[in-house]
Protein chains: 2
Amino acid sequence: MTEAMLYDYWRSSASWRVRIALNAAGIPFRSVTVDLLAGDQRGDAHLERNPQGFIPVLEIDGLRLTQSLAIVDHIDETRNAGFLPGDAAGRARVRALAHVVAMDTHPVCNPSVVSEVVRLTDGGDAVREGWMHWFIRRGLAAFERMLADGPQGRFCHGDRPGLADFCLIPQVYNADRWGVDRADLTRIDAIARSCAELPAFAKAHPDSVR
Amino acid sequence: MTEAMLYDYWRSSASWRVRIALNAAGIPFRSVTVDLLAGDQRGDAHLERNPQGFIPVLEIDGLRLTQSLAIVDHIDETRNAGFLPGDAAGRARVRALAHVVAMDTHPVCNPSVVSEVVRLTDGGDAVREGWMHWFIRRGLAAFERMLADGPQGRFCHGDRPGLADFCLIPQVYNADRWGVDRADLTRIDAIARSCAELPAFAKAHPDSVR
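So, how was this worked out
- One numbering rule holds for all chains: residues counted from 1, following each sequence as written.
- Each chain is given a letter, starting from A, and each ligand a number, starting from 1, according to the order in which they appear as written.
- Whole-chain, interface and lining totals are the exception, using all residues; otherwise, since this is a predicted model, local features are given only for residues with pLDDT of at least 70 and side-chain atom pairs are given and counted only at 80 or more.
- Excluded from the side-chain calculation are hydrogens and water; included are all heavy atoms of the structure.
- The secondary structure listing takes helices from DSSP runs of H or I that are at least 4 residues long and strands from runs of E that are at least 2 residues long, numbered from the N terminus.
- The atom set for the radius of gyration is the C-alpha atoms, and the globule formula is 2.2 Å times the number of residues raised to the power 0.38.
- Burial classes follow relative accessibility: with a 1.4 Å probe on protein chains only, a residue under 20% of its type's maximum area counts as buried, one over 50% as exposed, and anything between as partly exposed.
- Contact definition: two residues touch when any of their heavy atoms are within 4.5 Å.
- The axes are straight lines fitted to the C-alpha atoms, using for helices just the contacting stretch, and the angles between their N-to-C directions are given from 0 to 180°.
- Our angle categories are set so that under 35 degrees counts as roughly parallel, over 145 as roughly antiparallel, 65 to 115 as roughly perpendicular, and the remainder as oblique.
- Whether a crossing is left-handed or right-handed is set by the direction in which the near helix is turned from the far one by less than a right angle, anticlockwise for left-handed and clockwise for right-handed.
- Under the convention adopted here, Pro, Cys and the residues Ala, Val, Leu, Ile, Met, Phe, Trp and Tyr are nonpolar, Asp, Glu, Lys and Arg are charged, and Gly plus all remaining residues are polar.
- The term buried area denotes the loss of accessible surface (1.4 Å probe radius) that occurs when two parts are joined, taken as the sum for both partners.
- When a carboxyl oxygen of Asp or Glu lies within 4 Å of a side-chain nitrogen of Lys or Arg, that pair is called a salt bridge.
- Any pair of nitrogen or oxygen atoms within 3.5 Å is treated as a polar contact; in protein, a donor-acceptor pairing is required on top of that, and neighbouring residues in sequence qualify only through side-chain atoms on both sides.
- UniProt positions are given in the numbering used here, feature names are shortened, and annotations may be inferred rather than shown by experiment.
- Any two strands with at least two DSSP bridges between them are considered paired.
- Every helix has an expected span of 1.5 Å times one less than the residues it contains.
- Residues below a pLDDT of 70 in either copy are left out; the C-alpha atoms of the rest, at least 70 in both, set the least-squares superposition of the copies.

Participant: Can you tell me about the overall build of chain A, naming the residues and giving the values?
Facilitator: The helix and strand inventory of chain A stands at 10 helices and 4 strands. When the helices and strands of chain A are read in sequence order from the N terminus, they spell out β-α-β-α-β-β-α-α-α-α-α-α-α-α. In terms of C-alpha radius of gyration, chain A reaches 17 Å, essentially the compact-globule figure of 17 Å for 210 residues. Here the C-alpha coordinates of chain A stretch approximately 45 × 45 × 30 Å along the principal axes. Taking all 210 residues of chain A together, 58% fall into the buried category. When contacts within chain A are restricted to residue pairs at least 6 apart in sequence, long-range pairs at least 24 apart make up 65% of them.

Participant: So what's going on with the packing of helix H6 (residues 124-147) of chain B against helix H7 (residues 163-177) of chain B? Which residues, and what values?
Facilitator: The relative placement of two packed helices comes down to the angle between their axes together with the axis-to-axis distance. Residues and elements named next belong to chain B. As a packed pair, H6 and H7 sit with axes 11 Å apart at the nearest point and diverge in direction by 140°. In this view, H6 runs oblique relative to H7, as classed from their interaxial angle. You can see that H6 and H7 cross each other, and the crossing is left-handed. Here Ile 136, Leu 140 and Phe 143 of H6 lie close against H7, whose contacting residues are Ala 164, Leu 168, Gln 171, Asn 174 and Ala 175. Per-class residue counts for the contact of H6 with H7 are 6 nonpolar, 2 polar and no charged.

Participant: Residue-level account of the interface of chain A and chain B, with values.
Facilitator: On the side of chain B, 40 residues touch chain A, which itself brings 39 residues to the contact. Summed over both sides, the interface of chain A with chain B buries roughly 3,500 Å², with 67% coming from carbon and sulfur. For the pair chain A and chain B, the number of links is 6 salt bridges. Linking A:Arg91 and B:Glu77 is a salt bridge whose minimum nitrogen-to-oxygen distance equals 2.7 Å. Viewed at the interface, chain B and chain A are joined by 14 residue pairs in polar contact (both at pLDDT 80 or more). Put simply, the parts of the chain that give the side of chain A that touches chain B at least two residues each are strand S4 (63-66), helix H3 (68-79), helix H4 (88-102), helix H5 (111-121) and helix H6 (124-147) of chain A. No other element matches the 9 residues that H4(A) contributes to the side of chain A that touches chain B.

Participant: Report on the UniProt feature "domain: GST N-terminal" (unreviewed entry) in chain A, specifying residues and quantitative values.
Facilitator: Mapped onto this structure's residue numbering, the UniProt feature "domain: GST N-terminal" (unreviewed entry) falls at residues 2-83 of chain A. Helix makes up 37% of residues 2-83 of chain A and strand makes up 22%, while its end C-alpha atoms are separated by 24 Å.

Participant: Can you break down the sheet that holds S4(A) residue by residue, with the values?
Facilitator: All names here are of chain A. Strands sit in the order S2-S1-S3-S4 across an open sheet of 4 strands; the sheet is mixed. At either end of the open sheet lies a strand with only one pairing partner, and these are strand S2 (29-33) and S4. The mean angle between the axes of side-by-side strands here comes to 20°, regardless of whether they run parallel or antiparallel.

Participant: Give me the lowdown on H4(A), citing residues and values where you can.
Facilitator: Over its 15 residues, H4(A) runs 20 Å from end to end, which matches the ideal 21 Å to within 8%, given 1.5 Å per residue. A large share of H4(A) lies buried, amounting to 13 of its 15 residues.

Participant: Run through the relation of the copies chain A and chain B, naming residues and quoting values.
Facilitator: Expressed as a screw operation, the relation of chain A to chain B combines 0.0 Å of axial shift with a rotation of 180°, fitting to an RMSD of 0.0 Å. Here the copies are linked by what is in effect a two-fold axis. Both copies contact each other with a shared surface, as 100% of the interface residues of chain A are interface residues in chain B too.

Participant: Give a description of unusual backbone geometry that names residues and reports values.
Facilitator: Residues and elements named next belong to chain A. Here the residue pair Ile 55 and Pro 56 is connected by a cis peptide bond, since its omega of 0° sits within 30 degrees of zero. Residue position: Pro 56 is located in the loop between helix H2 (44-49) and strand S3 (57-60). For Gln 67, which is not a glycine, the phi torsion comes out positive at approximately 70°. Structurally, the position occupied by Gln 67 is in the loop between S4 and H3. With a relative accessible area of 7%, Gln 67 lands in the buried category. In this structure, Asn 80 is a non-glycine residue whose phi angle is positive, near 50°. Along the chain, Asn 80 falls in the loop between H3 and H4.

Put into structure tokens, the structure is as follows:
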């Protein structure tokens, strides 16, 4: 079988989710850097892979896939990887948690969005920082409250890591990168520590793939 | 069985997706308005339902569900509703299309985000309109290009409406509401016309539920 090929960038949160999922499912892959700082994502070669000009793009199973959560679902369904619980209530809960990050937090803090805010305000780094603080904090605070309701354990949903954890961990990294105060978000902190101990997460960390 | 109860607002895109899905699956539901203009979403009663303070919230099957796409997945999986194709390639394609809208377009244009842009710029309606134009156009243009690759038909993925159509239609409505030029996006326009003819979509339209 052809080796899976991941077009990614070391610090991209969406790529990081997919790296965790590939590792967790035991799928070997080759990583190809799309250098976001150099603007590779806007080049013809990458737009041919993904008209959105975003990463990650995963070539696997003879398919070329875009959108990190669609990719994670593909891996889960085709490898029976157990990224979602088996019961309907659990599946809905894990997906809702994942989407708090993947829909309402991360896209709002995407570089292309924040750059537009900075351009419109001419506010430079102060505006960028304020934006990150506001929206990351809002997302993680809601996530923490939602964690209280449902199965407790070492991970977001009991003692097995899954889709919600794949989304949470890169967002926590971004929170720390921007100096967002999360001292009171103790459930999230405990889960982040549990995830850091797992090889699938550790191998996917930006510092490991840079 | 207890009737399903949807906490929604007539013009909320995320609520609209869920209304289409409920209609398409033939699930009767009662709608309870959370008046976004009056700030109901920030009241204690609603924060108790959803710590994010967002709509929709769906009470169904003895569960209280949040996040529109997690809700649509719940309906699909528990009712075998066929919102996704049966093949892995099709599922990944439909999800990716859905996420172009639900992750990269709609959340960036959420009122709470745009209000923050307006506040930071003190730019009023001109900034609001410019923001909507830029990000809605960006999302729909990518969506149009992605439609070209894969099964053609009356809907986003062949001749059966599904998850991608549920996400697309409210976004097209928002494009028109803000005066976004989409004359060149002919595939999207044809799909929007096909969807408008279906009762599940027509009954869910803001003008029908207002």
